[in-house]
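# Understanding the architecture of this molecule
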Amino acid sequence: MQYLEPAPIKDRENPLESMMSRFDEAVQVLGISDELYQILTIPARQVIVGLPVTMDSGELKVFEGYRVIHSTILGPGKGGVRFDPDVSLNEVNALAAWMTWKCAVVDIPFGGAKGGVACNPREMSAGEMERLIRTYTKAMLENFGPDKDIPAPDMGTGAREMAWLMDEYSKAKGKTVHGVVTGKPLVLGGSQGRVEATGRGVMVSTLASMAKLGISPEKATIAVQGFGNVGSWAASLLEDKGCKIVAVSDISGAYYNEGGIDIKKAIDYRDQNKGTLEGFKEAEKIDPDDLLLLPVDVLIPAAKEDVITGRNAAQIQAKLIVEGANGPTSAKADVILKDKGIIAVPDILANAGGVTVSYFEWVQNRMGYKWPLDRIVRRCEKAINNAFDHVYEVSLKYDVSLRTAAYIIAIDKVATTYKFRGGY
Ligand code: NAD
């Protein structure tokens with residue numbers, strides 16, 4: 001397959017393009033050299049592999065798999081493995097770069113990486129998934145390693161696949177290597193608090209930004225798009241802080257209750273209803289697009305990328321947007337939101353709680369020791385609060401948005417580290 005530029009497609013509004021335009025904006029403020037620009041935009045390593053897998057039918061199918069290490073300047077590569085039919089080298093390149101910036105913003109000693117296989121996990125049996133992830137791991141043996149490149153779950157993969165990955169890697173090395181992967185089952189060296197970590201980071205970022213705007217949690221109204229891991233945990237933790245969640249949505253539709261939705265009840269309902277809110281009676285069903293336009297204090301997009309765009313940004317009424325999902329706001333929307341005075345807490349800060357606790361998992365694995373939940377919670381919240389304060393300070397210093405400030409911090413950190421490490 002031909003090498004594709006990590007810089008995104010320029011002729012349409014997409015999350016990759018959005019990311020690179022934010023990168024460029026921050027670079028303009030920082031004024032880095034052309035040499036450093038190249039170092040930060042051209043991935044350190046791109047691996048493409050053919051993965052022959054025997055399907056349940058007995059037929060052999062060859063999948064294409066990727067692993068991109070965008071940067072190892074701050075430390076070993078870190079990033080998930082995505083199983084999805086739309087996976088491409090171009091997408092994996094952009095997601096790997098995103099990880100570099102995210103780790104740098106929360107001050108974690110990891111570089112950025114991402115992997116993926118173009119396949120459809122919804123149509124594959126557990127046996128086929130196991131053979132695929134084991135074949136992928138074998139093909140990536142020279143790439144992966146607790147000091148080199150540490151994968152994690154992403155779209156289409158979870159704790160089950162990470163357990164197989166760890167096992168395959170360990171077999172090849174002739175010893176158990178817990179630290180080669182994060183997001184493992186608890187019994188296999190996974191970390192307490194990892195499941196809710198991203199939602200926790202969203203909650204912390206929401207409270208920190210509400211405090212800057214003088215919105216008290218007890219008076220705040222919130223709408224959450226997406227009721228999966230990130231959305232439901234963020235909603236639940238914010239409910240615990242006294243906030244009123246007036247709307248939630250998932251793939252089945254959007255649900256609104258002006259008086260507030262009981263989030264614990266909604267989670268129980270979802271868990272007993274094949275994972276969706278379909279038929280949820282404690283709220284009125286509304287048009288999913290309208291959820292984004294509700295007159296709430298805070299809007300939390302926590303479903304997918306590119307939902308706040310040039311098409312709907314002008315109609316958004318929330319005072320604050322906290323990005324639980326990766327890339328929910330396009331670059332065009334940013335400009336409109338800024339004109340309207342709407343503050344956006346960017347994904348690379350707001351949803352970094354997940355990678356922060358993944359880092360804690362790696363640390364625990366390397367120590368051969370388990371931390372209790374209260375320690376994880378305390379350190380995760382401190383990391384996100386510190387990162388938020390830093391981003392806020394830099395946004396005031398340069399008179400830029402929180403998003404540009406987050407990119408400035410990340411790029412400056414990686415660039416400064418590179419200057420110390422040096423090259424040929
Ligand atoms: P998930 O699969 O657990 O949940 C996704 C939710 O979004 C589901 O409720 C689904 O029904 C809903 N959804 C899908 N399409 C929708 C639509 N069109 N409208 C409304 N809802 C829709 O996924 P997740 O782990 O919660 O991830 C959500 C986002 O957060 C993704 O962008 C992901 O990359 C990002 N993220 C996740 C983590 C993590 O630790 N899970 C970390 C960082 C970023």
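### Considerations on the overall build of the chain
Looking only at helices and strands, one finds 14 helices and 12 strands in the chain. Over its C-alpha atoms the chain spans a radius of gyration of 21 Å, differing by no more than 12% from the 22 Å that the globule rule assigns to 424 residues. With the C-alpha coordinates of the chain rotated into their principal frame, the extents come out at 55 × 55 × 45 Å. Here the chain, with 424 residues, has 57% of them falling under the buried criterion. Long-range contacts, defined as pairs at least 24 residues apart, comprise 68% of the intrachain contacts of the chain with a sequence gap of at least 6. For the chain, the accessible surface area stands at approximately 18100 Å², while carbon and sulfur atoms represent 51% of it. Looking at charge distribution, the chain has the averaged site of its 49 positive side-chain charges lying 6 Å from that of its 54 negative ones.

### Let's talk about the packing of aromatic side chains
Summed over all chains, the structure comprises 11 aromatic pairs. Each member of the aromatic cluster is reached from another via a ring pair, and the members are Phe 110, Tyr 359, Phe 360, Trp 362 and Trp 371. Taking the ring centre of Tyr 392 as reference, the NZ or CZ of Lys 212 above it sits at 4.4 Å. Lying across the ring of Trp 371, Arg 379 places its NZ or CZ 4.7 Å from the centre.

### Points about the side chain of Lys 114
Looking at the secondary structure, you find Lys 114 in strand 4 (residues 111-118). By relative accessible area, which is 6% here, Lys 114 ends up buried. Only 2.9 Å separates the side chain of Lys 114 from the side chain of Asp 154, close enough to count as a polar contact. The contacts of Lys 114, once residues within four sequence positions are left out, are Tyr 66, Arg 67, Val 68, Gly 79, Gly 80, Val 92, Leu 95, Ala 96, Met 99 and Asp 154.

### Section: a positive patch on the surface
Taken together, Arg 45, Lys 148, Lys 173 and Lys 175 make up a surface patch of like positive charges. Inspection of the secondary structure assignment puts Lys 148 in the loop between helix 4 (126-139) and strand 5 (149-153). What makes Lys 148 partly exposed here is its relative accessible area of 41%.

### Side note on the layout of surface pockets
Within this model, the second largest pocket holds a volume of roughly 620 Å³. For the second largest pocket, the lining is made up of 26 residues, of which Lys 338, Ile 342, Val 400, Ser 401 and Leu 402 are closest to its centre. Going through the elements one at a time, helix 1 (15-30), helix 6 (197-213), helix 10 (331-340), strand 12 (343-345), helix 13 (373-398) and helix 14 (402-421) are the ones with two or more residues in the lining of the second largest pocket. When residues of the lining of the second largest pocket are assigned to their parent elements, the largest contribution, 6 residues, is made by helix 10. For the lining of the second largest pocket, the per-class residue count stands at 12 nonpolar, 6 polar and 8 charged.

### Quick word on helix 3 (residues 89-105)
An ideal rise of 1.5 Å per residue puts 24 Å on 17 residues; helix 3 measures up with 25 Å between its terminal C-alpha atoms. Across the 17 residues that make up helix 3, a large majority, 17, are buried. Where helix 3 terminates, the next one or two residues include Asp 107, which has phi positive at roughly 60°.

### As for the sheet that holds strand 2 (residues 60-71)
Taken in spatial order, the 5 strands make up an open sheet running 1-2-4-3-5, and their pairing is mixed. Of all the strands in the sheet, just strand 1 (45-54) and strand 5 have a single pairing partner and so form its edges. Within this sheet the neighbouring strands show an average axis-to-axis angle of 25°, counted without direction. Looking at chain direction, strand 3 (residues 77-84) and strand 5 are connected through 5 bridges and run parallel. Each residue of the ladder has a partner; that of Lys 78, found in strand 5, is Ile 150.

What counts, and where the lines are drawn
Residues numbered from 1 in each chain as written. Predicted model: local features only at pLDDT ≥ 70, side-chain atom pairs only at ≥ 80, totals over all residues. Heavy atoms only, no water. Helix = DSSP H or I, 4+ residues; strand = E, 2+ residues; numbered from the N terminus. Rg over C-alpha atoms; globule rule 2.2 N^0.38 Å. Buried < 20%, exposed > 50% of the residue type's maximum accessible area, 1.4 Å probe, protein only. Contact = heavy atoms within 4.5 Å. Areas by Shrake-Rupley, 256 points an atom, 1.4 Å probe, with all protein chains shown as cover. Lys, Arg positive; Asp, Glu negative; His and termini not counted. Charge placed at Lys NZ, Arg CZ, Asp CG, Glu CD. Phe/Tyr/Trp six-rings, centres within 6.5 Å; stacked < 30°, edge-to-face > 60°. Lys NZ or Arg CZ within 6 Å of the ring centre and 35° of its normal. Polar contact = N/O pair within 3.5 Å; in protein donor to acceptor, adjacent residues only side chain to side chain. Patch = residues over 30% accessible without salt bridge, like charges linked within 9 Å, V, L, I, M, F, W, Y side chains within 5 Å. Salt bridge = Lys/Arg side-chain N within 4 Å of Asp/Glu carboxyl O. 1 Å grid on protein atoms, 1.4 Å probe; cavity = no way out; pocket = protein on both sides within 12 Å on 5 of 7 lines; lining within 4 Å. Points joined across faces, edges and corners; volume = space filled by probe spheres on them. Nonpolar A, V, L, I, M, F, W, Y, C, P; charged D, E, K, R; others polar. Expected span 1.5 Å × (residues − 1). Pairing = 2+ DSSP bridges. Axes fitted to C-alpha atoms, helices over the stretch in contact; angles between N-to-C directions.

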